Amino acid sequence: MCIRDSINAEYGRIPLSMACCPPNAPGFLQSTHEPEGVKATTPTGTEYYKVGDSGLPGLLVLPDVWGWDSGNTRAIADNLAKAHGLTAYIPKSLEAFEGGTDGDGLPPDFQLMERMGELMELIQGPWGAAGDAHIRAVVEQMKADGITRYAVIGFCLGGLTGFKLSANQVEGITMVCGASPHPSVHAAGEGTLPLARGQSCPWALFPCGEPGAEGSDSVTYDPPDGDLFKELEALHPGQNLCKRLPSMFHGFVTRGAIGPGFFLGEAGEPDVVRGAIEETLNDIIQFYKERGLFN
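As the structure is a computational prediction, the values presented were derived from the model and not from experiment. (Residues numbered from 1 in each chain as written. Predicted model: local features only at pLDDT ≥ 70, side-chain atom pairs only at ≥ 80, totals over all residues. Heavy atoms only, no water.)

Trainee: Mind laying out the overall build of the protein, listing which residues take part and the relevant values?
Mentor: Regarding its fold elements, the protein presents 9 helices and 8 strands. The proportion of buried residues among the 295 residues of the protein is 57%. Within the protein, residue pairs in contact and separated by at least 24 positions form 74% of the contacts whose partners lie at least 6 positions apart. Entry remark: accessible area of the protein is about 11,600 Å², with carbon and sulfur atoms responsible for 51%. (Helix = DSSP H or I, 4+ residues; strand = E, 2+ residues; numbered from the N terminus. Buried < 20%, exposed > 50% of the residue type's maximum accessible area, 1.4 Å probe, protein only. Contact = heavy atoms within 4.5 Å. Areas by Shrake-Rupley, 256 points an atom, 1.4 Å probe, with all protein chains shown as cover.)

Listed below in structure tokens is the structure:
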């Protein structure tokens, strides 16, 4: 049985084209980073992680399905805040499933390939409106902290939640632009293109894998003919970016093999993956600069 047939059987009624992560995406990566920020709580009870000085340009970090302490997520927030003068926030936005990871999202032992149907039910159910409300609460906190403009970096599911936020921005604070390594906006299914038509800002997208190959991110993100990219260009012509990483797997930025003991399929040795992560984050910062985040 080929991968596609196996996944269709495992995913049950969830179409493979809607799956949040392709079948060869890496699973949970335990963080070894010592956090430099602090945990806090909004007045409405939403927990979040914050690093950087209030009043600087904001960075809203929207995590993948393992939540606010998934793999490299806090290390990325810390490094970007320190290196580029940003105040980074990571919402704890996903109802913990089977205990979650640090109380958020999926538990470390969750197997994507065997349980994608359950994950999609979470995305379409309890992680939907409730998760969006937690994200908006953190943006309100950013505004209260004196931040007037911010960018989003959304990993995997965070790409979808970032698109939803851009389509309905919080008043009084401006989302200047967004970026999504290995995006999962397509997990919105039939709602994907209507959501793309509502984007209030441009996006930089970094899908993985060879276009159209089994296990690769959807070609909907690729110019010139990708349906989602075309919708973004219709709204913000010449302002969007798509850079596909054909040798990387979906999930490599937050759950990539950047140290001894980790291996990410055909993506190569840790130094190769680390280099791809650094290149992608540098591209994102340049995109932020060109779209006026630091003005």
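Once you've had a look at it, read on.
Trainee: Outline the nonpolar core, supporting the account with residue identities and numerical values.
Mentor: One finds Cys20, Leu60, Leu106, Leu119, Trp127 and Tyr150 to be the most contacted residues of the largest nonpolar core, which totals 47 residues. Elements represented by at least two residues in this core include exactly strand S3 (58-62), helix H3 (112-124), helix H4 (129-144), strand S5 (149-154), helix H5 (157-166), helix H6 (192-196), strand S7 (203-206) and helix H7 (227-235). The element best represented in this core is H3, accounting for 6 residues. Once you skip the residues sitting within four places of it in the chain, Tyr150 turns out to touch Gly58, Leu59, Leu60, Val139, Met142, Leu165, Ile173, Thr174, Met175, Val176, Cys177 and Leu293. (Core = buried A, V, L, I, M, F, W, Y, C linked by side-chain atoms within 4.5 Å.)

Trainee: Describe the packing of H4 against H5, with residues and values.
Mentor: To characterise two packed helices, one gives the angle between the axes of the helices and the distance between these axes. Where H4 meets H5, the axes come as close as 11 Å, and the angle between the chain directions of the two elements is 65°. Along this stretch, H4 crosses H5, giving a crossing that reads as right-handed. From H4, Asp132, Ile135, Arg136 and Val139 reach across to H5, where they touch Thr161, Lys164 and Leu165. Along the lines of polarity and charge, the residues of the contact of H4 with H5 split into 3 nonpolar, 1 polar and 3 charged. (Axes fitted to C-alpha atoms, helices over the stretch in contact; angles between N-to-C directions. Left-handed = near helix turned anticlockwise from the far one by under 90°. Nonpolar A, V, L, I, M, F, W, Y, C, P; charged D, E, K, R; others polar.)

Trainee: Please give an account of the side chain of Arg74 that cites residues and values.
Mentor: Its location among the elements puts Arg74 in helix H2 (residues 73-84). Since its relative accessible area comes to 5%, Arg74 is described here as buried. Within the structure, Arg74 has its side chain in polar contact with the side chain of Asp102 (distance 3.0 Å). With sequence-adjacent residues up to four places away left out, Arg74 is seen in contact with His33, Lys39, Tyr49, Trp68, Asp69, Ile90 and Asp102. (Polar contact = N/O pair within 3.5 Å; in protein donor to acceptor, adjacent residues only side chain to side chain.)

Trainee: Could you give an account of H2, naming the residues involved and the relevant values?
Mentor: Taking 1.5 Å as the rise per residue, H2 with 12 residues should run 16 Å; its terminal C-alpha atoms sit 16 Å apart, in good agreement. For H2, the set of buried residues is Thr73, Arg74, Ala75, Ile76, Ala77, Asp78, Leu80 and Ala81. At the exit of H2 stands Gly85, carrying a positive phi of roughly 65°. (Expected span 1.5 Å × (residues − 1).)

Trainee: Describe the environment of Phe155, listing the residues and the values that go with them.
Mentor: Here Phe155 is to be found in the loop between S5 and H5. Each C-alpha atom, one on Phe155 and one on Ala179, is 8.5 Å from the other, the two residues being 24 residues apart in sequence. Those residues in contact with Phe155 that sit more than four places away from it in its chain are Val61, Leu62, Pro63, Asp64, Ile76, Pro181, His182, Val253 and Thr254.

Trainee: Tell me about the packing of aromatic side chains, residues and numbers included.
Mentor: Applying the stated criterion across every chain, the model contains 4 aromatic pairs. Positioned over the ring face of Trp68 is Arg74, at 4.8 Å from the centre of the ring. (Phe/Tyr/Trp six-rings, centres within 6.5 Å; stacked < 30°, edge-to-face > 60°. Lys NZ or Arg CZ within 6 Å of the ring centre and 35° of its normal.)

Trainee: So what's going on with the sheet that holds strand S4 (residues 87-91)? Which residues, and what values?
Mentor: Reading across the sheet, the 8 strands line up as S1-S2-S4-S3-S5-S6-S7-S8 and stay open at both edges, with mixed pairing between neighbours. If you trace the sheet from one side to the other, it starts and ends with strand S1 (38-41) and strand S8 (241-242), each paired once. Two strands pair when backbone bridges link them, and S3 and S4 are joined in this way by 3 bridges, in the parallel orientation. Counterpart to Gly58 in the pairing with S4 is Thr87. (Pairing = 2+ DSSP bridges.)

Trainee: Could you give me a rundown of the pairing of S5, with the residues and numbers involved?
Mentor: In terms of burial, S5 is a largely internal element, 5 of the 6 residues being buried. The pairing of S3 with S5 spans 5 bridges and is classified as parallel. Bridging from a neighbouring strand, Leu62 pairs with Gly154 of S5. Both S5 and strand S6 (residues 174-181) contribute to a ladder of 5 bridges, which runs parallel.

Trainee: Let's hear about the state of the cysteines: which residues, and what values?
Mentor: Going through the model one piece at a time under the given rule, you end up with 0 disulfides. The thiol of Cys21 is not disulfide-bonded; the next cysteine sulfur, from Cys156, is found 3.5 Å away. By relative accessible area, Cys21 is classed as buried at 0%. (Disulfide = S-S within 2.5 Å.)

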